[in-house]
Amino acid sequence: MSKPKSGAGRFICGVVEGFYGRPWTMEQRTELFKREQKWGLNSYLYAPKDDYKHRMYWRDLYSAEEAEQLIALISAAKQHNVDFIYAISPGLDITFSNPKEVAALKRKLDQVKEFGCSSFSLLFDDIEREMCAADKQAFSSFAHAQVAITNDLYQHLGKPESFLFCPTDYCSSQCTPTVSLSPYLNTVGENLLPGIDILWTGPKVVSHKISVESIEEVSAVLRRPPVIWDNIHANDYDPQRLLLGPYKDRPTELIPKLRGVLTNPNCEFHPNFVAIHTLATWCKAPADGGARDVEMGDEEQDPCYSPQKALMLALTDWLQEFMSTDQPGGPRPPARLKKESSDEEPMQTDVAESSYVPSPDENPLYTAEPLTLDDLRLLSELFYLPYEHGATARTMLQELDWLKNHSQAATAETEQSAEWRSRAQKFDSMCEAVVQMFNRLSNAPNRSILYDLYNYICDIKSGVDMARFYVKTLGGQGQPSAQVMQDDPEPWRFRGALSGEFQRMLPCHGNRDLFRQPLMTAVYCIRPYCPEDKTEVQKIFREMQKGGDATSSPGAQPPLISDSLSAGELSPSPECALVVEDDFGVCGYALALTDVKPAAAKVQRAVSESLLKEFPSLVVVQVRPGVTDPSPAKHMIRRLLSSIRSSGSKGVFCELRHGDRRMINFYSKLGSFKQIEMDCLPQDVLVMAASL
């Protein structure tokens, strides 16, 4: 596959086996290499978290039997033109300053090199950031320790063409205070040898979207384009998730700005057909904005890649695999009643010579219907992506929500009764389609795929059955949902075991549901404030002023320094301004002044010297009332406090009006802000402060 080159070497595109849980088998990995070659992918990163000698017992050499398996696997990858990248993850317990530890790491990688492996990766993800006492004496920072050992290994191995490094801060949300100001990332970018590539997951561990701007920002800090370790199809964090949607929300404009993309998909091998197939389609998109592959109205508006078209291509190919047998030698013929040339009476195992034919008044024989492309499309829409349901799943949730909220129209004749019955029938038909899909999947010839899917499709069928029975009961159709609503239900009628019990007892249960009541956005984006945001920030500020205290007009309220900051009369300090966006635009902001004294003089506001001595900085946070999830505001305040602390300030305060109960509660629940008693404050104002 011809790809634009970002730095030295070819564009890395393929699969990382980097999840927590049972690793794939050697046979499955070999099958993966065949698929990668067929679809134009070129890389496989071996990094299963539960391979003891990859992570927990990284010092141990492979046994003769293990070595034989790895040699065969590396050879199979080469046969299919796939670059086998061996990863090792020593960060759990390595002492960077101990020469014996470094020697053990080199000895381990030298052994793998003897197996025929020529590409390597060193991973420091998901580990504690605190160095031991010995390392603190030898290195000025955690980043310096990691860089030193990585550069040493890279040179020891002869500077391989492919050598990947995974930082401990591997996404934007983990960087303190920001990507561009992260001391850790800047140290890595400045000191890691230029031939070493760096893995990056995007804005978050599981990133909803990855923008060109975010990649340009991290590339500037790293001094090189990153390789995306993409967790969009990973499901190891939730045993009830399976992700069968297309690779999406990554514009193809990213391709020339990246060193590569590796997908870290579902733990189950066979369901990854869609994830890997659609990634391959994405990687083939022309980087020069060539022929459009998007119909008018495509929500993605990517001129070179349509997720829905890619999905249908993948499902069409997957259907062929479903319908092929996975049994050696193909389908087995029925056993016979007798064997020739045998003195023993055979065991009767089949009646192939006299098949049963029911009479017209008897039940017909069950005939398994073949799986269809529509079945697989429905399956994908029920198990779509971590941040969104597929179209059918969304419709089913919306219909059930409407039917439940308008249940009075089901039994009493109202203007909505006909509509209720029509929508109930529509919902029932959609439920029936799920049941039929389950039946056809259960009879598909390829049992290996079925076994990977079976727990998930059983779970969704059970949930759909319960919802279906509930709607029928609302419509007065007998008592079919008694099994659902009774006080002592069967165990398969409720979900979650102990984990489910814990979650239902927590106040946050349901906060991350993709379907909410009322419908709300599930995803927020926090980014640095820019001059173009000034109008929106002022608009939110005015809205909050009007709604904060109904007893006084905005003009009658005492002036605050934070008012001048929100109104744009004062400029926030560098790297101390953030906004949060939802699907409709800017919905909140967080601004700060690291030194409030000059600002107070500018707006002619007297501030207590004793207050400024202990708390020289000021912060203001506001979000629209529609943002009921406190997480965005908490995340913004944490980032601001980190930036303020980095400036050398030892404390920060905020000004609040008594009528703004929502923000008073917000700061109180943070735990670090305490109310400060002051004599010179206006009657309607209180001050809360936090030491840094």
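What you see is a predicted model; the values in this text were computed from it and never measured.

Next up on the list: the overall build of the protein. When you go through the protein residue by residue, the secondary structure sums to 22 helices and 15 strands. Relative to its full complement of 692 residues, the protein shows a buried share of 50%. Looking at the protein as shown, the accessible area adds up to about 33800 Å², and 52% of this sits on carbon and sulfur atoms.

Inspection of every chain in the model, using the stated rule, returns 21 aromatic pairs. On the basis of an interplanar angle of 70 degrees and a centroid distance of 5.3 Å, the ring pair of Tyr 247 and Trp 282 is categorised as edge-to-face. Of this pair, Tyr 247 sits in the loop between β7 (227-230) and β8 (260-263) while Trp 282 sits in helix α8 (residues 273-283), and the two are 35 residues apart along the sequence. Like Tyr 247, the residue Trp 282 is buried in the burial classification.

This part covers the pairing of β7. The two faces of β7 match: Val 227 and Trp 229 on one face and Ile 228 and Asp 230 on the other face are all buried. Summarising the sheet, strand β6 (residues 197-200) and β7 pair through two bridges and their orientation is parallel. What sits directly across from Leu 199, in β7, is Val 227. As a crossover connection, the stretch from β6 through helix α7 (residues 212-222) into β7 is right-handed. Pairing of β7 with β8, which is carried by four bridges, proceeds in the parallel orientation. From the neighbouring strand, Asp 230 faces β8, where its bridge partner is Thr 263.

Looking now at the packing of helix α10 (residues 373-382) against helix α11 (residues 391-405). Where α10 meets α11, the closest approach of the two axes is 6 Å, and the angle between their N-to-C directions is 65 degrees. In this structure, α10 uses Leu 378, Glu 381 and Leu 382 to contact α11, whose residues at the interface are Ala 391, Thr 392, Ala 393 and Met 396. For the contact of α10 with α11, the per-class residue count stands at five nonpolar, one polar and one charged.

Moving on, we come to the sheet that holds β7. Around the barrel, eight strands lie side by side as β1-β2-β3-β4-β5-β6-β7-β8; this closed barrel has parallel pairing. Strand-to-strand, the axes of this sheet are offset by a mean angle of 25 degrees, without reference to chain direction. With four bridges connecting them, strand β1 (residues 12-17) and strand β2 (residues 43-46) associate as parallel partners. Bridge pairing in β2 links Gly 14 to Ser 43. α8 rests against β1 and β8 of the sheet, and its axis sits at about 170 degrees to β8.

Ranked by internal contacts, the top residues of the largest apolar core, which has 124 residues, are Phe 84, Tyr 86, Trp 318 and Leu 379. Taken domain by domain, the makeup of this core includes at least three residues from each of domain 1 (12-287 + 309-315) and domain 2 (373-483 + 491-505). Not counting the four nearest positions on each side in its chain, Phe 84 is found in contact with Phe 33, Tyr 44, Tyr 46, Leu 70, Leu 73, Ile 74, Ala 77, Cys 117 and Ser 119. Counting residues in each nonpolar core, the second largest holds 30 residues, with Ala 567, Leu 591, Leu 593 and Phe 615 among its members.

Mapped onto the elements of the fold, Ser 219 is located in helix α7. Judged by relative accessible area, Ser 219 falls into the buried class, the value being 16%. Within polar-contact distance, the side chain of Ser 219 engages the backbone oxygen of Ile 215 at 2.7 Å. Beyond its immediate stretch of four places on either side in the chain, Ser 219 contacts Arg 224, Pro 225, Pro 226 and Lys 257.

The next thing to look at is the confidence of the model for the protein. Per-residue confidence for the protein gives a mean pLDDT of 85, with 84% of residues at or over 70. Low pLDDT, under 50, characterises residues 517-522; the predicted model gives this stretch 12 contacts beyond four residues in sequence or across chains. The low-confidence segment residues 549-555, where pLDDT is below 50, has six contacts with residues more than four positions distant or belonging to other chains.

Nonpolar side chains collect at one region of the surface, where Tyr 52, Met 56, Tyr 57 and Leu 92 lie side by side and expose about 430 Å² of accessible area between them. Examined against the element boundaries, Met 56 turns out to sit in the loop between β2 and α2 (64-79).

Conventions and cut-offs
Residues numbered from 1 in each chain as written. Predicted model: local features only at pLDDT ≥ 70, side-chain atom pairs only at ≥ 80, totals over all residues. Heavy atoms only, no water. Helix = DSSP H or I, 4+ residues; strand = E, 2+ residues; numbered from the N terminus. Buried < 20%, exposed > 50% of the residue type's maximum accessible area, 1.4 Å probe, protein only. Areas by Shrake-Rupley, 256 points an atom, 1.4 Å probe, with all protein chains shown as cover. Phe/Tyr/Trp six-rings, centres within 6.5 Å; stacked < 30°, edge-to-face > 60°. Pairing = 2+ DSSP bridges. Right-handed = clockwise from strand over helix to strand, strands pointing away. Axes fitted to C-alpha atoms, helices over the stretch in contact; angles between N-to-C directions. Contact = heavy atoms within 4.5 Å. Nonpolar A, V, L, I, M, F, W, Y, C, P; charged D, E, K, R; others polar. Core = buried A, V, L, I, M, F, W, Y, C linked by side-chain atoms within 4.5 Å. Domains from an automatic or database assignment. Polar contact = N/O pair within 3.5 Å; in protein donor to acceptor, adjacent residues only side chain to side chain. pLDDT = per-residue confidence, 0-100. Patch = residues over 30% accessible without salt bridge, like charges linked within 9 Å, V, L, I, M, F, W, Y side chains within 5 Å. Salt bridge = Lys/Arg side-chain N within 4 Å of Asp/Glu carboxyl O.

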